[in-house]
Amino acid sequence: MSTLTRARCRLRAHPFALDAALAAGVLVCMLAGSFVDPHGPDGITWELRAPDPLSLVLMTLGAAALAFRRRAPRRVLALAGGACVVESVTGDPRAPVAMCAVVALYTVASTTDRPTTWRIGLLTTTVLTGTAMIAGPLPWYAQENLAIFAWTGIGATAGDAVRSRRAFVRAIRERAERAERTREEEARRRVAEERLRIARDLHDVVAHHIALINVQAGVAAHVMDRRPDQAKEALAHVREASRSALGELRATVGLLRQSGDPEAPTEPAPGLDRLDELAGTFRSAGLRVEVARADQGTVLPAAVDLAAYRIVQEALTNVRKHAGDAAKAEVSVVRVGPHIEITVLDDGTGDDQDGAPGGGPGGGHGLLGMRERVAALRGTLTTGPRYGGGFRVHAILPVETRTSAQDGL
């Protein structure tokens, strides 16, 4: 970073100090100009004449107001313009108090829109020039009066030009940022589309292999006793097809993974066999949890087992978050015919469950995740407030799921 850039950054970080320095510089210029006598015997001369006390007060007041030009630009302009009007009427020879009004007008023009700049600039120029021409001690055509008209016009024009340039640069920067965001979004969209296409290809390939495995396994089962050689050959085809399916899965999942995705877990997916461990973690966090099970001997498919575990986990998490510190949760897992039912009840006093107003089943990402899991397994999920207080989550999942080939992968 260059020295000039560092200086600009420091000045932008302390705008009041910059304005105070500007006000001091304007005051020095006005004091130096007050020693110029434009009506000397030989024209403009430098003389050691002391300005009028009123002129000194007006110059000091106008310069001091410039230190607050960013905070209240119109008020500063009104104060500086008033000081200039008083000086135009009383000063003879006149002190350059109009300099602070020009700087204040520039500030107003650079911080507002063009119509406002036109109105305020025209009003300021008319008032200052008209007062100097009509009520001042000099003739209306004096060059000092024309100088006020010229300098106020220059101040308004310069401020408007600076404002336009800032707006232009800001528009270019916003357009560049928008274009960059658009490119990134387009790249992400194309990546997502490509990942979806790969996933569809994976779906087709794996479906083919699974269908082949299903057919060959059926052949092997049919001829196992009568033709063991043919059954062995069918099992070899099953093994080869399964190996190909696994290879396709491994390669395609590797393509679908992004650089920021977490590493694949090395431990098996959790299931209801870890339900007591899950309840223990919530008990350690201060939640009273009771578990009742009537599913002994039931072997669940991996997808159903994982979904049941996640439903209980999410429901207990919601109880811990929303039901209050004194809440109690009851978890039951029951085998009912071809289904397994998971119920989580609480007696909490919270107003909502995972963002659902009044415990309703429509809100919250946790409840949405439960529904997605249950719907994927063709089960049913019911959630809602209990009569008398609390919340209820009830899921019914099939004990047996369709095979991939039957499900039309």
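Note that the coordinates shown come from a computational prediction; the quantities given were computed from them, not determined experimentally.

### A word on the overall build of the protein
Now for step 1: Across its full length, the protein carries 11 helices and 9 strands.
Now for step 2: Taken over 409 residues, the protein has a buried fraction of 34%.
Now for step 3: Contacts spanning at least 24 positions in sequence make up 65% of the contacts within the protein whose residues lie at least 6 apart.
Now for step 4: Total accessible area on the protein stands at roughly 24,800 Å², and carbon and sulfur atoms take up 59% of it.

### Quick notes on the environment of A63
Now for step 1: Secondary-structure assignment places A63 in helix α3 (residues 53-66).
Now for step 2: By relative accessible area, A63 is classed as buried at 2%.
Now for step 3: In this structure the C-alpha to C-alpha distance between A63 and V28, which are 35 residues apart in sequence, comes to 9.3 Å.
Now for step 4: Ignoring any residue separated from it by four or fewer positions in sequence, one finds A63 in contact with A23, L27, M30 and C100.

### Concerning the nonpolar core
Now for step 1: One finds V289, L316, I340, V393 and L397 to be the most contacted residues of the largest nonpolar core, which totals 35 residues.
Now for step 2: Residue assignment for this core shows that the elements contributing at least two residues are α9 (275-284), α10 (302-322), β4 (328-336), β5 (339-346), α11 (365-376) and β9 (391-398).
Now for step 3: A per-element tally of this core places α10 first, with 9 residues.
Now for step 4: If we skip the residues at most four places from it in the chain, V393 touches I311, A315, I342, T343, V344, M370, L381, T382 and T383.
Now for step 5: Grouped together as the second largest cluster of nonpolar side chains are 27 residues, L58, A95, I120 and I148 included.

### Comments concerning the pattern of salt bridges
Now for step 1: Going through the model one piece at a time under the given rule, you end up with 8 salt bridges.
Now for step 2: Close ionic contact of D160 with R163 constitutes a salt bridge, the shortest N to O distance being 2.9 Å. Here D160 and its partner R163 are both found in helix α7 (residues 143-223), 3 residues apart, which amounts to about one turn of the helix.
Now for step 3: Of the residues examined, D160 reaches a relative accessible area of 14% and is grouped as buried.
Now for step 4: Residue R163 is classed as buried on the basis of its relative accessible area, which comes to 18%.
Now for step 5: Salt bridges linked by common partners bring R114, D160 and R163 together as one network.

### Things to note about unusual backbone geometry
Now for step 1: Phi is positive for R378, close to 60°, though the residue is something other than glycine.
Now for step 2: Looking at the element boundaries, R378 is found in the loop between α11 and β8 (380-385).
Now for step 3: On the accessibility criterion, R378 (56% relative accessible area) is exposed.

### A word on the confidence of the model for the protein
Now for step 1: Chain-level pLDDT for the protein is 78 on average; 79% of the residues reach the 70-or-more range.
Now for step 2: Here residues 352-363 is modelled with pLDDT under 50, and outside its nearest four sequence neighbours on either side it reaches 40 contacts, counting other chains as well.
Now for step 3: In this model, residues 403-409 is a region of pLDDT below 50 whose contacts with residues beyond four sequence positions or in other chains number 11 contacts.

### A look at the environment of T298
Now for step 1: Secondary-structure assignment places T298 in the loop between β3 (288-294) and α10.
Now for step 2: The contact partners of T298, leaving out residues within four places of it in the chain, are R335 and V399.
Now for step 3: A distance of 3.3 Å separates polar atoms of two side chains, one belonging to T298 and the other to R335.

### Overview of the packing of α3 against helix α5 (residues 98-111)
Now for step 1: Remark: α3 packs on α5, axes separated minimally by 9 Å, with the N-to-C direction vectors making an angle of 20°. Considering the angle they form, α3 stands roughly parallel to α5. Crossing hand, α3 versus α5: left-handed. Across from G62, A63 and L66 in α3, the residues of α5 making contact are C100, V103 and A104.
Now for step 2: Of the residues in the contact of α3 with α5, the class split is 5 nonpolar, 1 polar and no charged.

### Quick notes on a nonpolar patch on the surface
Now for step 1: A cluster of nonpolar side chains, namely L54, V57 and V86, defines an oily patch on the protein surface of about 230 Å² accessible area.
Now for step 2: Within the secondary structure, V86 sits in helix α4 (residues 73-90).
Now for step 3: Taking the relative accessible area as the measure of exposure, V86 reaches 35% and is therefore partly exposed.

Reading the values: rules and limits
Residues numbered from 1 in each chain as written. Predicted model: local features only at pLDDT ≥ 70, side-chain atom pairs only at ≥ 80, totals over all residues. Heavy atoms only, no water. Helix = DSSP H or I, 4+ residues; strand = E, 2+ residues; numbered from the N terminus. Buried < 20%, exposed > 50% of the residue type's maximum accessible area, 1.4 Å probe, protein only. Contact = heavy atoms within 4.5 Å. Areas by Shrake-Rupley, 256 points an atom, 1.4 Å probe, with all protein chains shown as cover. Core = buried A, V, L, I, M, F, W, Y, C linked by side-chain atoms within 4.5 Å. Salt bridge = Lys/Arg side-chain N within 4 Å of Asp/Glu carboxyl O. pLDDT = per-residue confidence, 0-100. Polar contact = N/O pair within 3.5 Å; in protein donor to acceptor, adjacent residues only side chain to side chain. Axes fitted to C-alpha atoms, helices over the stretch in contact; angles between N-to-C directions. Parallel < 35°, antiparallel > 145°, perpendicular 65-115°, else oblique. Left-handed = near helix turned anticlockwise from the far one by under 90°. Nonpolar A, V, L, I, M, F, W, Y, C, P; charged D, E, K, R; others polar. Patch = residues over 30% accessible without salt bridge, like charges linked within 9 Å, V, L, I, M, F, W, Y side chains within 5 Å.

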